[in-house]
There are 2 protein chains.
Amino acid sequence: MIAEIYITLKSGILDPQGKTVHHALENLGLENIEEVRMGKLIRLDFGSVSKEKALELGDEACKKLLANPVIEDYEIQIQSAGK
Amino acid sequence: MIAEIYITLKSGILDPQGKTVHHALENLGLENIEEVRMGKLIRLDFGSVSKEKALELGDEACKKLLANPVIEDYEIQIQSAGK
């Protein structure tokens, strides 16, 4: 099972990297973007564990290391290993 | 419409950041992970454009700036602006 973890900044938190990308896209001619927010995608391959176990381990990884709960939200999606 | 862009390294490409995270998680006691791959999540808010237009603009943003086609794959998902 693969746990795909999506880490995003909470909505009130400033995102300077997103702002920079926004300006760069505008300079390239994409002028109708209202906002750009940057996040992280982390794919954890747990091999042949159950879906529930993968979700539990993914959550533990986020809590222990991957996400900063003060400024970030995270979401976990479990996929079978085909992808 | 919001275009969520998921950028991942192609499968043959080395991912030193993923390896580092993998080791860190092992040191924290998560020992049953087979592989960690890092990617990027970029959320582009296009305001009130159509779904098709958001997909087209998201694709253009990836091609012009966000993704490096030599080493990265990208995937775009369109969401209505509620989220």
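Peer 1: Tell me about the overall build of chain A, and name the residues and values.
Peer 2: If you tally the helices and strands in chain A, you get 2 helices and 3 strands. Along the chain direction, N to C, the helices and strands of chain A fall in the order β-α-β-α-β. For 83 residues, the compact-globule estimate of 2.2 N^0.38 gives 12 Å, and chain A exceeds it by more than 25% at 16 Å. Seen through its principal axes, chain A has C-alpha atoms that stretch 45 × 30 × 15 Å. Out of the 83 residues in chain A, the part that is buried amounts to 45%. Sequence-distant contacts in chain A: of pairs separated by 6 or more residues, those separated by 24 or more amount to 71%. Summed over all atoms, the accessible surface of chain A reaches about 4500 Å², with 52% contributed by carbon and sulfur.

Peer 1: For the relation of the copies chain A and chain B, give the residues involved together with the corresponding values.
Peer 2: Superposition of chain A onto chain B requires a rotation of 180 degrees combined with a translation of 0.0 Å along the rotation axis, giving an RMSD of 0.0 Å. Expressed as a symmetry operation, the mapping of one chain copy onto the other fits a two-fold axis. Of the C-alpha atoms belonging to chain A, the one lying closest to the rotation axis is found on K40 of chain A, 2.3 Å away. Of the residues that chain A buries at the interface, 100% are likewise interface residues in chain B, meaning the two copies contact each other through the same surface.

Peer 1: Outline the pairing of strand β1 (residues 2-9) of chain B, listing residues and values.
Peer 2: In regular strands, side chains alternate between the two faces of the sheet. Residues and elements named next belong to chain B. Of all 8 residues that make up β1, 7 are buried, and the element is covered over most of its length. For β1 and strand β2 (residues 35-45), the ladder comprises 7 bridges, and the chain directions are antiparallel. In the strand pairing of β2, I7 is matched with K40. Bridging between β1 and strand β3 (residues 72-79) involves 8 bridges; their strand directions are antiparallel. When the sheet's bridge partners are listed, I7 is paired in β3 with Y74.

Peer 1: Run through the interface of chain A and chain B, naming residues and quoting values.
Peer 2: Of the residues lining the interface, 32 residues belong to chain A; the matching set on chain B comes to 32 residues. Roughly 2800 Å² is buried in total at the junction of chain A and chain B, and carbon and sulfur atoms are behind 66% of that figure. Sorting the residues of chain A by area buried against chain B places L30, L41 and D45 of chain A first, and these three jointly supply 18% of that buried surface. At the junction of chain A with chain B, the criterion picks out 0 salt bridges. Inspection of the chain A/chain B interface yields 10 residue pairs in polar contact (both at pLDDT 80 or more).

Peer 1: How would you sum up the sheet that holds strand β2 (residues 35-45) of chain A? Please name residues and give values.
Peer 2: Strand order in this open sheet of 6 strands is β3(A)-β1(A)-β2(A)-β2(B)-β1(B)-β3(B), and the pairing throughout is antiparallel. For this open sheet the edge positions go to β3 (72-79) of chain A together with β3 of chain B, each flanked by a neighbour on one side alone. Averaged over all pairs of adjacent strands, the angle between strand axes in this sheet comes to 20 degrees, irrespective of strand direction. Here helix α1 (residues 16-27) of chain A sits on the sheet in contact with β2 of chain A together with β2 of chain B, set at roughly 115 degrees to β2 of chain A. Helix-sheet contacts for helix α2 (residues 51-66) of chain A involve β1 (2-9), β2 and β3 of chain A, and the interaxial angle to β3 of chain A is about 155 degrees.

Peer 1: Give a detailed account of the environment of E60 of chain B, specifying residues and quantitative values.
Peer 2: Here E60 of chain B shows up in helix α2 (residues 51-66). For the pair E60 of chain B and I33 of chain B, spaced 27 residues apart in sequence, the C-alpha to C-alpha distance is 35 Å.

Peer 1: Explain α2 of chain A to me, using residue names and the numbers behind them.
Peer 2: Look at α2 of chain A: only 20 Å from first C-alpha to last across 16 residues, short of the 22 Å you get at 1.5 Å a residue. Of all the residues in α2 of chain A, the buried ones are A54, L57, G58, A61, C62 and L66 of chain A. Seen along its axis, α2 of chain A keeps its buried residues to an arc of 145 degrees; they face one direction. Opposite its buried face, α2 of chain A presents the exposed residues E52 and K63 of chain A, each directed more than 90 degrees away. In the core, the buried residues of α2 of chain A are packed alongside β1, β2 and β3 of chain A together with α1 (16-27) of chain B.

Here is what the cut-offs are and how they apply
- Residues numbered from 1 in each chain as written.
- Chains lettered and ligands numbered in written order.
- Predicted model: local features only at pLDDT ≥ 70, side-chain atom pairs only at ≥ 80, totals over all residues.
- Heavy atoms only, no water.
- Helix = DSSP H or I, 4+ residues; strand = E, 2+ residues; numbered from the N terminus.
- Rg over C-alpha atoms; globule rule 2.2 N^0.38 Å.
- Buried < 20%, exposed > 50% of the residue type's maximum accessible area, 1.4 Å probe, protein only.
- Contact = heavy atoms within 4.5 Å.
- Areas by Shrake-Rupley, 256 points an atom, 1.4 Å probe, with all protein chains shown as cover.
- Least-squares fit on C-alpha atoms with pLDDT ≥ 70 in both.
- Pairing = 2+ DSSP bridges.
- Buried area = accessible area lost by both parts, 1.4 Å probe.
- Salt bridge = Lys/Arg side-chain N within 4 Å of Asp/Glu carboxyl O.
- Polar contact = N/O pair within 3.5 Å; in protein donor to acceptor, adjacent residues only side chain to side chain.
- Axes fitted to C-alpha atoms, helices over the stretch in contact; angles between N-to-C directions.
- Expected span 1.5 Å × (residues − 1).
- Arc of directions from axis to C-beta.

As far as function goes, none of this settles anything; it's purely spatial.
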